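Given next are the chains, with one letter for each unit.
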Amino acid sequence: MFSCVALLLPVTLYAAERSSGDWYSDSAGIMGTNIYVEVWADSQQQAEDSIQSVFAEMERINQLMSPYIESSELSEINRRAGIQPVSISAEMYNLLALSQHYSELSEGAFDVTYASVGYLFNYRQQKKPDDKQIDALLPAINYQLIVLDDDKKSVFFKHKDVKIDLGGIAKGHAVDNAIQILREQGIEHALV
């Protein structure tokens, strides 16, 4: 689950003495969860820069893929793709294609269209849809209703009530990106 609150915390690092470098760590609340980063760095400045880069990437993905942020690309898809094909970014397209792949491999056990009903649940406010609402929307839960056009890099939903949520895959995508960023910054040992 993503959070609509963007929270980039100032980096407060903790170092444990080691030869030729130190371990540094920090955490922040992003994407509706606690993001924890630990790096082995040559200096506190390298660690601060690296950890802040991870948090910035996590927040970038949150802004792109959160169903709770009205301006996110995912929210735009959910508003329009049940009406007409929607052109999407290469990053979103690739993640939707990967989601489709995992849906096929799992025979539908992994399915981002669960949000067609799931968006009606609000556990914090103890709200849930009634049986009539659920029954009406169940036909919209089916990953095969998502049509991706490779040439146009677009997405279309074959049912007007389909909604998607990438919470089951976007965080893994964010961690993969974070690890790549750390590697590019010369960090060889890290936990994200």
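What counts and how
- Residues numbered from 1 in each chain as written.
- Predicted model: local features only at pLDDT ≥ 70, side-chain atom pairs only at ≥ 80, totals over all residues.
- Heavy atoms only, no water.
- Salt bridge = Lys/Arg side-chain N within 4 Å of Asp/Glu carboxyl O.
- Helix = DSSP H or I, 4+ residues; strand = E, 2+ residues; numbered from the N terminus.
- Buried < 20%, exposed > 50% of the residue type's maximum accessible area, 1.4 Å probe, protein only.
- Pairing = 2+ DSSP bridges.
- Patch = residues over 30% accessible without salt bridge, like charges linked within 9 Å, V, L, I, M, F, W, Y side chains within 5 Å.
- Areas by Shrake-Rupley, 256 points an atom, 1.4 Å probe, with all protein chains shown as cover.
- Core = buried A, V, L, I, M, F, W, Y, C linked by side-chain atoms within 4.5 Å.
- Contact = heavy atoms within 4.5 Å.
- Axes fitted to C-alpha atoms, helices over the stretch in contact; angles between N-to-C directions.
- Parallel < 35°, antiparallel > 145°, perpendicular 65-115°, else oblique.
- Left-handed = near helix turned anticlockwise from the far one by under 90°.

**Q** Sorry if this is basic, but what is going on with the pattern of salt bridges here?
**A** Any two side chains of opposite charge can pair, so long as their charged atoms come close to each other. Counted under the stated rule, the structure contains 6 salt bridges. Residue Glu 76 pairs with Arg 80 through a salt bridge whose shortest N-O separation is 3.0 Å. Of the two residues, Glu 76 and Arg 80 both sit in helix α2 (residues 73–80), 4 residues apart, roughly one turn of that helix. Arg 80 sits in the partly exposed class, given a relative accessible area of 30%. When salt bridges with common partners are traced through the structure, they connect Glu 70, Glu 76, Arg 79 and Arg 80 into a single cluster.

**Q** Sorry, what's going on with the pairing of strand β3 (residues 33–41) here?
**A** The side chains of a regular strand alternate between both faces of the sheet. Across 9 bridges, the pairing between strand β2 (residues 21–30) and β3 is antiparallel. When the sheet's bridge partners are listed, Ser 25 is paired in β3 with Glu 38. The pairing of β3 with strand β7 (residues 190–191) spans 2 bridges and is classified as antiparallel. Along β7, the bridge assignment pairs Glu 38 with Leu 191.

**Q** Would you explain a nonpolar patch on the surface in this entry?
**A** On the surface, Leu 98, Tyr 102 and Leu 105 cluster together to form a nonpolar patch covering roughly 290 Å² of accessible area. Relative to the helices and strands, Leu 98 is located in helix α3 (residues 90–105).

**Q** So what exactly am I meant to see when it comes to the nonpolar core here?
**A** Across soluble globular proteins, nonpolar side chains show a tendency to be buried alongside one another. Counting residues in each nonpolar core, the largest one holds 40 residues, and the members touching the most others are Val 39, Met 92, Val 155, Ile 164 and Leu 166. Elements with a minimum of two residues in this core: β2, β3, α1 (44–65), α2, α3, β6 (154–157) and α6 (170–184). When residues of this core are assigned to their parent elements, the largest contribution, 8 residues, is made by α1. Beyond its immediate stretch of four places on either side in the chain, Val 155 contacts Ile 77, Ala 81, Gln 84, Pro 85, Val 86, Ile 88, Leu 96, Ile 146, Val 147 and Leu 148.

**Q** Hey, could you run me through the packing of α1 against α6 in this one?
**A** Two quantities define a packed helix pair, namely the angle between the helix axes and the distance between the axes. Look at α1 against α6: their axes get within 9 Å of each other, and the N-to-C directions meet at 150°. When the interaxial angle is binned, α1 and α6 end up roughly antiparallel. Here α1 and α6 pass one another in a crossing that is right-handed. Note on element contacts: α6 touches α1 through Ala 170, His 173, Ala 174, Val 175, Asn 177, Ala 178, Ile 181 and Leu 182, opposite Ser 50, Ser 53, Val 54, Glu 57, Met 58, Arg 60, Ile 61 and Met 65.

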